[in-house]
Amino acid sequence: MSDHSTGSSSSHRPSSRRVGHQPIAVVGVSALFPGSSDARGFWHDILAGRDLLSDVPPSHWLIEDYYDPDPSAEDKTYARRGGFLPKVDFDALGWGIPPSIIPATDTAQLLALMVAEQVLADAWGTRFRDMDKDRMSCILGVTSAQELLSTMTSRLQRPVWIKALREAGLPESEVQRIAQNIADHYTPWQEATFPGLLGNVVAGRIANRLDLGGTNCVTDAACASTLSALHMAVNELYLGDSDVVIAGGVDTMNEIFMYMCFSKTPALSPTGDCRPFSDQADGTMLGEGLAMVALKRLEDAEADGDRIYAVIEAVGSSSDGRSKSVYAPVSEGQAKAIRRAYQRAGFSPATVELIEAHGTGTKAGDVAEFAGLQAVFDEAGRPDRQWCALGSVKSQIGHTKAAAGAAGLFKAVMAVHHKVLPPTIKVDRPNPRLNLEASPFHLATRARPWVRGTDHPRRAGVSSFGFGGSNFHVAVQEYVGPHRAGRLRTWDHELVVLTAPSAEALADKARALADGAQDLQWTAWSTAHESLDGPHRLAIVASDIEALRAALRRSIDRIGRGEPFHTPDGIHYGTGKIEGGTGPEAVAFLFPGQGSQYLDMGAAVTMNLDAAADAWSVAADVGLGDRGLHTVVFPPTAFDADTLAAQEARLTATEWAQPAIGATSLAMLAVVRSLGLEARHLAGHSYGEVTALHAAGSFSAADMLRIARRRGELMAEASETPGAMTAVAADLADVRAALAEAGLLEADAGGPVIANHNHPTQVVLSGTTEAIERAEAALTARAMTCRRLSVSTGFHSPLVSPCAEPFRSFLDTIELAAPKATVWCNATGTPYPSDPDEVRTTLARAVAEPVRFVDMIEAMYAAGVRSFVEVGPGNVLTRLTRRILGERPHVAVDLDRRGRDGMASLLDGVARLVVAGHDVDLRGLWAGYKAPRDPESLPR
């Protein structure tokens, strides 16, 4: 997989261009914000919801010098926290900058060079060296005041110091000595000082060092500076004046002057935090950062083979006009910019599902912004509520002022590109003045899959507003063409696999890697692209490079013994052998049934792997009930116990639970198949048989979900008949004998009947509530433990038999083919018939017939199945299978464990399959991702 396109730059072609509004492609990204020094790190921090605010470091100013909790204290700030950039190495000589002039050059200029190089390297890599740069421009949002300007101005106050010292009665010699001592604390003036303190030279130095021949300038719209620069940048491209524009925002000014400005407004949080849209919001916090995007006209980017992250469809702008204050937010003015953006973009706000707000965390600002957004979105006329996620990255990094829009734009571009709704943190309860429930918006406080159908791409909006009534809003759209950029890898765990012909050789490879591995992602990528050509296999799921090295060292001695082993922390070794074989004929996929569902099941896999996300897109196109299935599985944040209980109850309801489990299993199945794994045997537990038949090719994914919904609806209707189920921890024969002795075994149509035989010592009884109570009393008297199940009636009993006929009639409306693999039937423990009509009949009858899971697994084992892979939420079937097969040679693997990191669960399951000898194509774990690489240096 190549990270960079090989097509020629549009800059090599004639400059005649179609003038007018056109989609603008984002072909490169870069970022430097608190907590991280590159785009991948920043995106990871956003998704992880990291709080990156901290106390002011001594490198900026001393808290004891300037802090006072009293907002009215003269020349003091009541804030002592903010968002601060990490330390980075700057190669002055590499950039052709003499070290002697570094003190006379503002930090913003130096860091901007690095971030500009990153964005160009991301877009084109070393190809940039050979590109025509004459029509490449750099337009950045940079406020007029820079840190160095404040320093140099302070140095010019020497006459004031001298006057005060003289008035204090000090002798002239002391006056001059003290004044000089003070002056020595400031950078001296030199020839490079003037350009070094100018804001416009932030862009100018980039153009100078990278040899760009187009426009270079900065724009200042206060906290809207980035989006004002973006506005100018897209106009350059619309008019054909530039073919490439670097746009973004730069703000490294968090020294005391800026704190004083915001303190005396006052706008800072007295409690020292930034909580946009929260009921605890009491002000903003200051941050610093830089981010840039490389922009081209979409048609040029596609023609040149550039890799595209997202599309800027339009930028809307406005001024507040006359208002009571030059800095007070005006909802009507903001709404004007938002409205113009969507009018120019040509789509309705009703199709926008993410807003990255200005969201400063000030009470007045948040309420005013929300009112402006609601006014425009309500005009769209969409009847449902809370369809659009609302958030602000300022909750994590603070208000980065001129770069605020850069941070927000980056977040929105990454969100549409990665198909994720990113979180906003620090909202325990929303501001009640927003009345969110009656609005188009909900607050996204955790990362969730951004699921949507194929009717239109994912769409987001980004707002920035500046003092002086400057308002900007950007309409961003997902790119769905053939030139999609690679994802930024933000996984918290990686899978590293080593193979060798012998245990000794494998131990040697592990030892060498433990000594030499430097980067976890690079190591994982490298080993994923090597063939699994050795029977001795070591697979490690690690969270960082040190954890990998430690795991490798721990494994060396154990590998030498030649005995397979597995550790709870993700170290797996095997000899690639299972008695009975490891080919597809020895593999079964098991699909879970109702009861395995939970909120956000499969979320991590869906957010991180396109195969899973694409499966959910199919589900989004299928109309099921009064809402999208994904909103039931991945609902908005519940801010109170009642809302959470309602969400859980909805997902548990049979008509939702079955298609929800089905969609999650579809996503997992797509991932498993993307890894080259196939199975000749398929089975499910109860409802899971529906998914198994789809996996065998009997009907489409869309029809599978329709079948699941209808089956669930009919079973929900049957639930109106009172009934119950209880799990008995005992052997089947003992349960039968006890019930027979009590005269209860299938005494009448109301039960109790044996509904499930799940493993050797678990039997589930079903029937009327009265029959189950009698059975529990009889079994408890014989020292058998019973546990009542939380179900609405007695499933898999005659109580639900009325479902079978209408379900069979519904199946007649579904196009159904003979299974292309062996699908095993719960009720009989034998394969499904091949005739489509008989398949329909068998599937319909299964609603009321018992689940003979033990008999089915035993029959599959007798047929040669040795590897059982649970494909769907949870690990219930994996545990049952292990109980059934005991010490007999087999592998039972789950891919999802509730309460554990979803990607770690998946990788652990894949690791177990690898060491068991299955030929897993680990490249599937990197599909759609950029290969990790060292940053490429550009000509300076």
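Above this text is the structure in question.
Residues numbered from 1 in each chain as written. Predicted model: local features only at pLDDT ≥ 70, side-chain atom pairs only at ≥ 80, totals over all residues. Heavy atoms only, no water.

Asker: Got a sec to walk through the overall build of the chain? Specific residues and values, please.
Answerer: Each helix and strand counted, the chain has 32 helices and 28 strands in total. Computed over its C-alpha atoms, the radius of gyration of the chain comes to 32 Å, within 12% of the 30 Å expected for a compact globule of 940 residues. Its C-alpha atoms put the chain at 115 × 65 × 65 Å along the principal axes. Within the chain, the proportion of its 940 residues that are buried is 61%. Taking contacts inside the chain between residues at least 6 apart in sequence as the whole, the part at least 24 apart equals 79%. (Helix = DSSP H or I, 4+ residues; strand = E, 2+ residues; numbered from the N terminus. Rg over C-alpha atoms; globule rule 2.2 N^0.38 Å. Buried < 20%, exposed > 50% of the residue type's maximum accessible area, 1.4 Å probe, protein only. Contact = heavy atoms within 4.5 Å.)

Asker: Give a detailed account of the sheet that holds strand β25 (residues 785-788), specifying residues and quantitative values.
Answerer: The strands that make up a sheet are held in pairs by hydrogen bonds between backbone atoms, and each pair lies either parallel or antiparallel. If you walk across this open sheet you meet the four strands as β23-β24-β22-β25, and the pairing is antiparallel. Two strands bound the open sheet, and with one partner strand each, they are β23 (753-759) and β25. This sheet shows a mean twist of 25° between the axes of neighbouring strands, independent of strand direction. Looking at chain direction, strand β22 (residues 724-729) and β25 are connected through four bridges and run antiparallel. Along β25, the bridge assignment pairs T726 with R788. Where helix α27 (residues 769-781) meets the sheet, its contacts fall on β22, β24 (762-767) and β25, and the angle it forms with β25 comes to roughly 155°. (Pairing = 2+ DSSP bridges. Axes fitted to C-alpha atoms, helices over the stretch in contact; angles between N-to-C directions.)

Asker: Tell me about a nonpolar patch on the surface, and please be specific about residues and values.
Answerer: Taken together, the side chains of V326, Y327 and F467 make up a nonpolar region of the molecular surface, amounting to roughly 330 Å² of accessible area. With respect to the element layout, F467 can be found in the loop between β14 (459-466) and β15 (470-478). (Patch = residues over 30% accessible without salt bridge, like charges linked within 9 Å, V, L, I, M, F, W, Y side chains within 5 Å. Areas by Shrake-Rupley, 256 points an atom, 1.4 Å probe, with all protein chains shown as cover. Salt bridge = Lys/Arg side-chain N within 4 Å of Asp/Glu carboxyl O.)

Asker: I'd like a rundown of the nonpolar core, residues and numbers included.
Answerer: In terms of nonpolar packing, the biggest core is built from 182 residues, with L295, L495, F589 and L922 touching the most fellow members. Not counting residues up to four positions away in its chain, the partners in contact with F589 are L669, V672, L677, E678, A679, H681, L682, A683, V869 and V871. The next biggest cluster of nonpolar side chains, apart from the first, holds 44 residues, and it includes I97, M131, A192 and L290. (Core = buried A, V, L, I, M, F, W, Y, C linked by side-chain atoms within 4.5 Å.)

Asker: Go over empty space enclosed by the protein with me, naming the residues and quoting the values.
Answerer: One pass over the full model with this rule turns up seven cavities of 30 Å³ or more. Taken as a whole, the largest cavity holds about 50 Å³ of empty space. Together, S30, T226, A247, G248, A291, M292, V293, A406, L409 and F410 line the largest cavity. At the level of secondary structure, the elements contributing two or more residues to the lining of the largest cavity comprise β6 (244-251), β7 (289-297) and α15 (404-418). Looking at side-chain class alone, the lining of the largest cavity contains seven nonpolar, three polar and no charged residues. (1 Å grid on protein atoms, 1.4 Å probe; cavity = no way out; pocket = protein on both sides within 12 Å on 5 of 7 lines; lining within 4 Å. Points joined across faces, edges and corners; volume = space filled by probe spheres on them. Nonpolar A, V, L, I, M, F, W, Y, C, P; charged D, E, K, R; others polar.)

Asker: Lay out unusual backbone geometry with the relevant residues and their values.
Answerer: The residue after T265, namely P266, is reached through a cis peptide bond having omega -10°. The residue P266 is located in the loop between α10 (256-263) and β7 in this model. Despite not being glycine, D75 has its phi angle at roughly 60°, a positive value. Assignment of secondary structure puts D75 in the loop between α2 (63-66) and β3 (81-83). Looking at D75, the relative accessible area reads 55%, which means it is exposed. Notably, Q386 is not glycine yet its phi reads approximately 60°, a positive angle. Inspection of the secondary structure assignment puts Q386 in the loop between α13 (363-378) and β10 (388-391). The class for Q386 is partly exposed, based on a relative accessible area of 28%.

Asker: Just give me the short version of the packing of helix α5 (residues 158-167) against helix α6 (residues 172-183), but keep the residues and values in it.
Answerer: Each packed pair of helices is defined by two parameters, the angle between the axes and the distance between the axes. Two numbers describe how α5 lies on α6: the axes approach to 9 Å, and their chain directions differ by 145°. Once α5 is placed against α6, the crossing between them reads as right-handed. Facing α5, whose interface residues are R158, W161, I162, L165 and R166, α6 presents E172, V175, Q176, I178, A179, Q180, I182 and A183. Class assignment for the residues of the contact of α5 with α6 results in eight nonpolar, two polar and three charged. (Left-handed = near helix turned anticlockwise from the far one by under 90°.)

Asker: Pulling in residues and values, what's your account of α27?
Answerer: Over its 13 residues, α27 extends 18 Å from the first C-alpha to the last, a length consistent with the 18 Å expected when each residue adds 1.5 Å. Looking at the buried side of α27, the elements it contacts are β22, α26 (732-741), β24 and β25. A positive backbone phi angle near 65° is found at A783, which sits one or two residues after α27. (Expected span 1.5 Å × (residues − 1).)

Asker: Lay out the packing of aromatic side chains in plain terms, naming residues and giving numbers.
Answerer: Inspection of every chain in the model, using the stated rule, returns 14 aromatic pairs. The interplanar angle of 15° and the centroid separation of 6.1 Å between the aromatic rings of W161 and Y186 together place this pair among those described as stacked. Here the residue W161 occupies a position in helix α5, and Y186 occupies one in the loop between α6 and α7 (193-197), the gap between them amounting to 25 residues. Given the relative accessible area of 15%, W161 is considered buried. For Y186, a relative accessible area of 26% gives the class partly exposed. Taken together, a centroid distance of 6.1 Å and an interplanar angle of 90° make the contact between Y342 and F377 edge-to-face. A residue pair is termed long-range when its members are at least 10 positions apart, and Y342 in helix α12 (residues 331-345) and F377 in helix α13 qualify at 35 residues. Assigned by exposure class, Y342 and F377 land together as buried. Of the aromatic side chains, those joined through ring pairs into one cluster are Y342, F347, F370, F377, W387 and F441. One cation-aromatic arrangement involves R80 over Y67; the distance from NZ or CZ to the ring centre is 5.1 Å. (Phe/Tyr/Trp six-rings, centres within 6.5 Å; stacked < 30°, edge-to-face > 60°. Lys NZ or Arg CZ within 6 Å of the ring centre and 35° of its normal.)

Asker: So what's going on with the pattern of salt bridges? Residues and values would help.
Answerer: For the coordinates displayed, the defined rule picks out 50 salt bridges. A salt bridge links D55 to R81, with the shortest nitrogen-to-oxygen separation between them at 4.0 Å. A residue pair is termed long-range when its members are at least 10 positions apart, and D55 in strand β2 (residues 53-55) and R81 in strand β3 qualify at 26 residues. Among the residues examined, D55 registers a relative accessible area of 40% and is labelled partly exposed.

Asker: Describe in detail helix α31 (residues 876-885), supporting the description with residues and values.
Answerer: Among all positions in α31, only L877, T878, L880, T881, I884 and L885 are buried. One face of α31 carries all of its buried residues, which in axial projection span an arc of 165°. In this structure, the buried residues of α31 make contact with β20 (587-591), β23, α30 (853-862), β27 (867-870) and β28 (891-894). Backbone geometry just after α31 places G886 at a positive phi near 55°. (Arc of directions from axis to C-beta.)

Asker: Lay out the environment of D241 with the relevant residues and their values.
Answerer: Mapping D241 onto the fold places it in the loop between α9 (225-239) and β6. A relative accessible area of 45% means that D241 is categorised as partly exposed. For D241 and G41, which are 200 residues apart along the polypeptide, the C-alpha to C-alpha distance reads 34 Å. When residues no more than four places from it in sequence are discounted, the contact partners of D241 are R135 and E236.

Asker: For the sheet that holds strand β21 (residues 681-684), give the residues involved together with the corresponding values.
Answerer: Within the open sheet, the five strands sit side by side as β26-β21-β20-β27-β28. Their pairing is parallel. In the strand order of this sheet, the two ends are held by β26 (822-823) and β28, each with one partner. By the bridge criterion, four bridges tie β20 to β21 in an arrangement that is parallel. If you follow A588 over to β21, its bridge partner there is H681. Contacting β20, β21 and β26, helix α24 (residues 688-695) crosses the sheet at an angle of about 155° to β21. Sitting on the sheet, helix α32 (residues 902-915) is in contact with β27 and β28, with an inclination near 160° to β28.

Asker: Please set out the pairing of β22 residue by residue, giving values where relevant.
Answerer: Most of β22 sits out of view: five of its six residues are buried. Alignment of β22 against β24, held across five bridges, turns out to be antiparallel. Following the sheet pairing, M725 is matched in β24 by S766.

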